[in-house]
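Remarks on the overall topology
This is what each chain is made of:
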Amino acid sequence: METESEPYVRLATLRQLHQVVAELNTARSLADTLQTVVDGIVRGLGYELACVNLVRPDGDLVVAAFAGDPAAEALITGRVGSRAAWERRLTMGADWDGLRFIPHTEGWVLLEDDVPQWHTDGPDPRFEDEWHPEDRLYAPMYATGGELLGVISVDRPRNGRRPGAWGREALQMYAFQAAIAISNARLRANMQRALVRLEREQQALRASEESFRQAFEYAPSGMAIAEMGGDQHGRLLRTNDALCRLLGRPASVLRRYSFSDLVHPEDIGTLLRTSAEGGRAELRLGRRDGTYVWVSLRNSVVADAADGPRFLLTHVEDIEERKRHELQLAHRASHDSLTGLPNSAELRARLGARLCRRPQSVRAGAVEALDAAFEGRPEGVGAGVGPGEHGYDGYTAPAAATAGPGPGPGPGGEGFDFPVGFPGQPEGPYDHHVHTVAPASDIDDGTKGLAVLFCDLDGFKSINDRFGHHTGDAVLIEVARRLTTGVRDGDTVARLGGDEFVVLADGLGAADAADLAVRLRNAIIPPIRVDGRAVRVGASFGIGWASCGMSADEVLRSADQRMYIEKRSRSKAHRRAG
């Protein structure tokens, strides 16, 4: 029996307490720790029954461990009591310095709540501190931050008495150590679960990386990973064998480049837009031998939630055959199948690209043109236009034509078109169109323009009739070759149909156009050998001039009329060369 005058009892209890506390730290799992807690109470603190009610994640308490009575253990282990019922119990009865004692005289009100219990009826106590079967003693366990971890319930002291001050302190100390042991066990369990989860994630990541590596390396089409951002933006970090074979470069060499180093100069804008936005594009990449291959580039921006874009995953598909087929189809649609020259539709397209609806027959002075341009303009349109800006800058351009469109006033035009809103002008912003003008007469006054030479072969029908279409086709092919050889790079030679050809030559004056017609006629006249037979054709040329305000058909019709005038002006003997 415990008394204040028996120090050896305290010492023995302290030794037992020390031993059971030490055993708390040897448990390997949370379940082992909980069972060790209740076993230690029964073995070392002098109670026949002990139970640990553990707080669940939802706040309710579950009977997690029981010791002292197998029947009672089977009855209540795993059962759950609500948090509200437990809160009520921990506020009833007497507060024994952190412990909560509810005597049987007060505990009868708890018989109907949902907290699992094993108490039995018994006789009234014979003396004041005798333990009654319906007495309840609880030792709450708290975490470091004050959170309730669980409650230890004890019953049936072996000495039959309610614990004295020393027994209460021992139970309180043990509950404190048990709370530490349970917290540590939970921490170990959480760490073990985290380690298991981390290991699984790492295994999954390794498997994913291996799958990606195999898919990347052994993909039948090209794959590349490029850097995004920083000084090395766009640099190739990794390439697969298919891309190396496609470009004829080893991976170690490709890592020195970015796609912008390999792309065709004409496709650099397409590449930059695709790299910035992701998506796909079709462009040309350079091979080691200096040739270019058409590819379809499909980009995926791989981003990090915190750091943003990290790198660019690029799929490169060889579309050379498809592009070649498309170009062949486009060429067939725009070129003559016999001679390979641009056909009538392509000729009209090229001619129409140099023309606009604004006639340039009358060239106003600077002030007059400016007044005419701004007369009747909508409010705000053209405001702020001054020298050097789009619009009329006070400079009267020379009348000579240039070889192609370009910004600003120059030979052959009056500068840019005026902005939207001016009378008689097409809708739209500045079109950067250099107007095409024609010489005022056949006398060469220094004006340069776009000459349109309409050529009709003389004597071709008789060759077809005498020698057949095979010979006629051979003649047309040779004439096309001679015409193409006789013009400059950038000039257009087109077959209009039958034995009619058209030459577009930009930047010529009247005398230059006449000289060109003579040279081309002289190039056509020499005999043409077909199957060992020499045949000859002549040529009549009509020179027309393209000018803004005219349509392509009007320009061709004008040149055709001049050709017939020139043809009729010569005798039949002079026209016919074979």
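Residues numbered from 1 in each chain as written. Predicted model: local features only at pLDDT ≥ 70, side-chain atom pairs only at ≥ 80, totals over all residues. Heavy atoms only, no water.

A few points about the overall build of the protein chain
When helices and strands are tallied, the protein chain shows 18 helices and 18 strands. Across the 578 residues of the protein chain, 44% fall into the buried class. Across the protein chain, the fraction of contacts at a sequence separation of at least 24, relative to all contacts at a separation of at least 6, is 58%. If you sum the accessible surface of the protein chain, you get close to 30300 Å²; carbon and sulfur atoms cover 53% of it. (Helix = DSSP H or I, 4+ residues; strand = E, 2+ residues; numbered from the N terminus. Buried < 20%, exposed > 50% of the residue type's maximum accessible area, 1.4 Å probe, protein only. Contact = heavy atoms within 4.5 Å. Areas by Shrake-Rupley, 256 points an atom, 1.4 Å probe, with all protein chains shown as cover.)

Quick notes on the sheet that holds strand 4 (residues 94-96)
Read across the open sheet, the 7 strands follow the order 3-2-1-7-6-5-4; overall the sheet is antiparallel. Unpaired on one side and paired on the other, strand 3 (80-81) and strand 4 mark the two borders of the sheet. Where strand 2 (residues 61-67) lies against strand 3, 2 bridges are found, and the strand directions are antiparallel. Bridge pairing in strand 3 places leucine 61 opposite glycine 81. Sitting on the sheet, helix 2 (residues 30-44) is in contact with strand 1 (47-55), strand 2 and strand 7 (148-157), with an inclination near 150 degrees to strand 1. Contacts between helix 6 (residues 165-217) and the sheet are confined to strand 1, strand 4, strand 5 (99-102), strand 6 (136-142) and strand 7, with strand 6 contributing the most and set at about 40 degrees to the helix. (Pairing = 2+ DSSP bridges. Axes fitted to C-alpha atoms, helices over the stretch in contact; angles between N-to-C directions.)

With respect to the packing of aromatic side chains
By the definition in use, this model includes 4 aromatic pairs. Ring geometry for tryptophan 86 and tyrosine 138: centres 5.3 Å apart, planes at 70 degrees, overall edge-to-face. Note that tryptophan 86 is positioned in helix 4 (residues 83-89) and tyrosine 138 in strand 6, a separation of 52 residues in sequence. For the residue pair tryptophan 86 and tyrosine 138, the accessibility class agrees, reading buried in each case. Grouped by ring-pair contacts, the aromatic residues Trp96, Phe101 and Trp131 constitute a single cluster. (Phe/Tyr/Trp six-rings, centres within 6.5 Å; stacked < 30°, edge-to-face > 60°.)

Structural notes on unusual backbone geometry
Positioned with a positive phi, aspartate 97 is a non-glycine residue whose angle comes to about 50 degrees. Looking at where aspartate 97 falls in the secondary structure, it is placed in the loop between strand 4 and strand 5. The exposure class of aspartate 97 is exposed, given its relative accessible area of 63%. One non-glycine residue, aspartate 531, lies in the positive phi region at around 55 degrees. By the secondary structure assignment, aspartate 531 is in the loop between strand 16 (528-530) and strand 17 (533-535).

Overview of the pairing of strand 18 (residues 538-546)
Counting buried residues in strand 18 gives 9 out of 9 residues, a clear majority hidden from the surface. Going residue by residue along strand 18, you find Gly538, Ser540, Gly542, Gly544 and Ala546 tucked away on one face and Ala539, Phe541, Ile543 and Trp545 tucked away on the opposite face as well. Of the pairings in the sheet, the one linking strand 13 (residues 449-458) to strand 18 comprises 9 bridges and is antiparallel in character. Residue alanine 451 lies in a different strand from strand 18, and its bridge partner there is tryptophan 545.

Examining the pattern of salt bridges
Within this structure, the stated rule accounts for 31 salt bridges. Here lysine 567 makes a salt bridge to aspartate 458, at a shortest N to O gap of 2.2 Å. Of this pair, lysine 567 sits in helix 17 (residues 552-569) while aspartate 458 sits in strand 13, and the two are 109 residues apart along the sequence. Residue classification places lysine 567 among the buried positions, given a relative accessible area of 12%. Through salt bridges with shared partners, a single network forms among Glu282, Arg322, Lys323 and Glu326. (Salt bridge = Lys/Arg side-chain N within 4 Å of Asp/Glu carboxyl O.)

Comments concerning helix 15 (residues 469-486)
Within an α-helix, residues lying three or four positions from one another point in the same direction, as the helix has 3.6 residues per turn. End to end, helix 15 covers 25 Å across 18 residues, agreeing with the expected 26 Å (1.5 Å per residue, within 8%). Along helix 15, the residues that are buried comprise Thr471, Gly472, Val475, Leu476, Glu478, Val479, Ala480, Arg482 and Leu483. (Expected span 1.5 Å × (residues − 1).)

Some points on the side chain of histidine 132
Inspection of the secondary structure assignment puts histidine 132 in the loop between helix 5 (104-107) and strand 6. When its relative accessible area of 3% is taken as the criterion, histidine 132 is described as buried. The contacts of histidine 132, once residues within four sequence positions are left out, are His104, Gly122, Pro123, Asp124 and Pro125.

Considering the confidence of the model for the protein chain
Scored by pLDDT, the protein chain comes out at a mean of 81, with 80% of its residues at no less than 70. Here residues 1-5 scores under 50 on pLDDT; set against residues more than four positions off or in separate chains, the count is 10 contacts. Within the model, the stretch residues 361-430 combines pLDDT values under 50 with 116 contacts to residues more than four positions away or in other chains. (pLDDT = per-residue confidence, 0-100.)

Here's the deal with the environment of leucine 99
Within the secondary structure layout, leucine 99 lies in strand 5. For leucine 99, a relative accessible area of 3% gives the class buried. Separated by 53 residues in sequence, leucine 99 and isoleucine 152 have C-alpha atoms that sit 9.7 Å apart.

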